[in-house]
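# Geometric and topological summary
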Amino acid sequence: MEYDTSYQQICSTRTVQSDKKGFFNEFCADVRSACGDKWLQNYFGKLKSNAARVLSIFSDREVCDPVLGVLEHVQPVFKAKEGLFSAQRRAQADKYYLLACSSSEEEERKELLQQALLAAHLAVIRAPARNVDESIDDGLTLALAYRSRSSILIALGEGEAALSDLKLACNFGLELKESVDYYCKMAKAYATMGEKARSEISLKIAEKLAGSDAGLIIASRKEIANIKPKEKEESRELLPELTHGPNPELSGAAQGVKLVETKEKGRFVVANGGLKTGDVVLCENPVAACLLPSFFGTNCHHCFKRLRNPVACLHCSGVAFCSAQCMGEASESYHRFECEFMDLLIGSGMSILCFIALRVFTQASSLEDGLNTANLLFEHLCSHEDVRQADDYLQRSLMAGFLLRILQKAQYFGRRKTEGVNPTAVELQVATALLGLLQVLQYNAHEIYQTLVTDDHRFEGSKTIHVGAGLYGTGSYFNHECWPSVASYFVGKKLVLRTTKPHRPNEVVAVNYGPIFTTMHLKERQRSLRGRYAFSCNCMACQENWPLLQKLDKQVRFWCTSANCVYLLKFPKDLAKDVRCPRCRKNVSLKESVAKLIKIEELYREAAQAMHAQKTVEAIELFKEGIDLFYQIAALPHKDTLIAQHSLLKCLADTGTTFKK
């Protein structure tokens, strides 16, 4: 197929600059205008290494002035804390909480509590850390925000979250552990959790501290007597075990798969032995993963969980975490470097892949560790250097320079001797590695998704919501087919791959990169894959040009039943008669195959009924049985089996990360 360079360039550009409104687009245009075509094509375009390209943008007189002129103005841009705003929102939350406590109407009470909770969330997010602004709340604004929110959470029956907030209030400066109110709140929180013994112990401590002043204790006991413990929502997330155990040679992969290499396809994953439908072939943590900025307000910045009661970064108001643990892990790792520059990164318009490239370094335990990881990724993963144009290299080199400047200003390299942009030898190594990552990520990153389910039904009306992207070392080795043989889903940030068909030994285990035959014509798929991934697909759906799902009839092709024959036979016109196989030249009966097909279709119907009844695990087992049986007697495309495989994917994703609005 003809290679469309202009379409490939458009696709490539979008993997660096995803927002045309960002300033990086203008920065690139200015540099491109300054350097001219002659220098770009005759000099820069002929450079043979990433190190030479990076050095060129900082030192060549054709481009260094506009490059250095922009990069020297890089400064922190982030959503700062505001103590007064936090105190105002806390007062608002306290007001709504008191109104809710005095309301006799249940619906009105719930609505007021929700308004109180929203105001308390804002108070927490915008509150400065302890003693940062002592002119407001004596420097205890954050602690007071957590304390206020704990009362609201208790009223909403969220005891566990309330206990967490009380602990944070203490950690951030409130001396509550000698307070009667503190132990009364703990007693109420435990009561909402159904933990009567702990509730009573907390009240006993409160009584001891109160002495003769028993008014608060009496009121608390009365309130606790009316508390109905809230049923704890059990997580449906299931982290599956790898089939046949972990593979010692492929991190995160199962024993049932192996890595092979050919000159035409490079390195890719195949079945090591036989695989059955539903086998878990991968369960892998990302090398690095980033949340999309559009989800900063709804999802944990660290683990990507849906936020319920956000925990704030101590320095910025731009991101939030689901727990103190996630906040601590992020702050001790990558967020300390990214925090003050987050709005600048977003404002640049750079793609999520650029965030991941930066994260490889900011999360590393040391500069050397970051360099080692980045260089290994560039060495082992596909980057398609052979198809890149000079413009593409220039754009990525400029992005690498911008990301390096962020690291310089964030003191990633320690305190520098000069504020100048020109990099040191070590900094040049990092910029070179960043340029390599920006090439690797274009072809190897995975979108991370969660499943949005409705209150009415887990499958009907469910949607796939992409919340971020990640780079998976082993996951990157799985090749594409236009009808994949595995289902991809996520448990948190972990990528899980489970087979949707049985595999013979050495058969390719394939994922899908986006273009899928059921909804996209062959020509359109090939153009998309060439432009986005720089290869032409030769999978069976492409070789045989399978029709779209809506145009597919219900015909089935049966395998010849003769031993060792692999010919496909059409559905017989007369079941009473044998069919002659053109390959082995034997007359064979397809009665048994047709009988099995009837059983398969019944299994699919039972599985669909289980899905309708929201019995996910039961549906999975029925689909697995039916699909395994189908592949024994027939081959795709078969409409009912394609629908069954897609339904199996939805069921498997339901055991991953899901959420409700």
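Throughout what follows, the structure given in this document is the object of discussion.

## Details of the overall build of the protein
Counting secondary structure elements, the protein contains 23 helices and 16 strands. Principal-axis analysis of the C-alpha atoms places the extent of the protein at approximately 100 × 70 × 40 Å. For the protein, buried positions account for 54% of its 661 residues. Summarising the internal contacts of the protein: among those between residues at least 6 apart in sequence, 68% fall at separations of at least 24. For the protein, the exposed area adds up to about 31700 Å²; of that, 50% sits on carbon and sulfur atoms. The average position of the 83 basic charges and that of the 77 acidic charges among the side chains of the protein differ by 5 Å.

## Comments concerning the sheet that holds strand β4 (residues 288-291)
If you trace the four strands from one edge of the open sheet to the other, you get β4-β8-β7-β16, paired in mixed fashion. Sheet topology places β4 and β16 (658-659) at the edges, where each strand pairs with a single neighbour. Where strand β7 (residues 445-452) and β16 come together, two bridges link them in parallel fashion. The residue bridging T451 from the neighbouring strand is T658, located in β16. Set on the sheet, helix α18 (residues 425-444) makes contact with β7 and β8 (463-471); between it and β7 the angle comes to about 50°.

## A closer look at the sheet that holds strand β15 (residues 634-635)
Taking strand neighbours across the sheet as the criterion, the three strands line up as β12-β11-β15 in an open arrangement whose pairing is antiparallel. The open sheet has two free edges, formed respectively by β12 (568-570) and β15, since each of these has just one partner strand. As paired strands, strand β11 (residues 557-559) and β12 are joined by three bridges and run antiparallel to one another. Paired with W559 across the strands is L568, a residue of β12.

## A word on the packing of helix α3 (residues 50-59) against helix α17 (residues 390-409)
Where α3 contacts α17, the two axes come as close as 10 Å, and the packing angle between them is 70°. In terms of axis orientation, α3 runs roughly perpendicular to α17. Two secondary-structure elements touch here, α3 through N50, R53, I57 and F58 and α17 through Y393, L394, S397, L398, G401 and L404. Partitioning the contact of α3 with α17 into residue classes produces six nonpolar, three polar and one charged.

## Re the pairing of β4
Of the two faces of β4, the one carrying A288 and C290 and the one carrying A289 and L291 are both buried. For β4 and β8, the ladder comprises four bridges, and the chain directions are antiparallel. Looking at β8, one finds that A289 is bridged to G470.

So, how was this worked out
- Residues numbered from 1 in each chain as written.
- Predicted model: local features only at pLDDT ≥ 70, side-chain atom pairs only at ≥ 80, totals over all residues.
- Heavy atoms only, no water.
- Helix = DSSP H or I, 4+ residues; strand = E, 2+ residues; numbered from the N terminus.
- Buried < 20%, exposed > 50% of the residue type's maximum accessible area, 1.4 Å probe, protein only.
- Contact = heavy atoms within 4.5 Å.
- Areas by Shrake-Rupley, 256 points an atom, 1.4 Å probe, with all protein chains shown as cover.
- Lys, Arg positive; Asp, Glu negative; His and termini not counted.
- Charge placed at Lys NZ, Arg CZ, Asp CG, Glu CD.
- Pairing = 2+ DSSP bridges.
- Axes fitted to C-alpha atoms, helices over the stretch in contact; angles between N-to-C directions.
- Parallel < 35°, antiparallel > 145°, perpendicular 65-115°, else oblique.
- Nonpolar A, V, L, I, M, F, W, Y, C, P; charged D, E, K, R; others polar.

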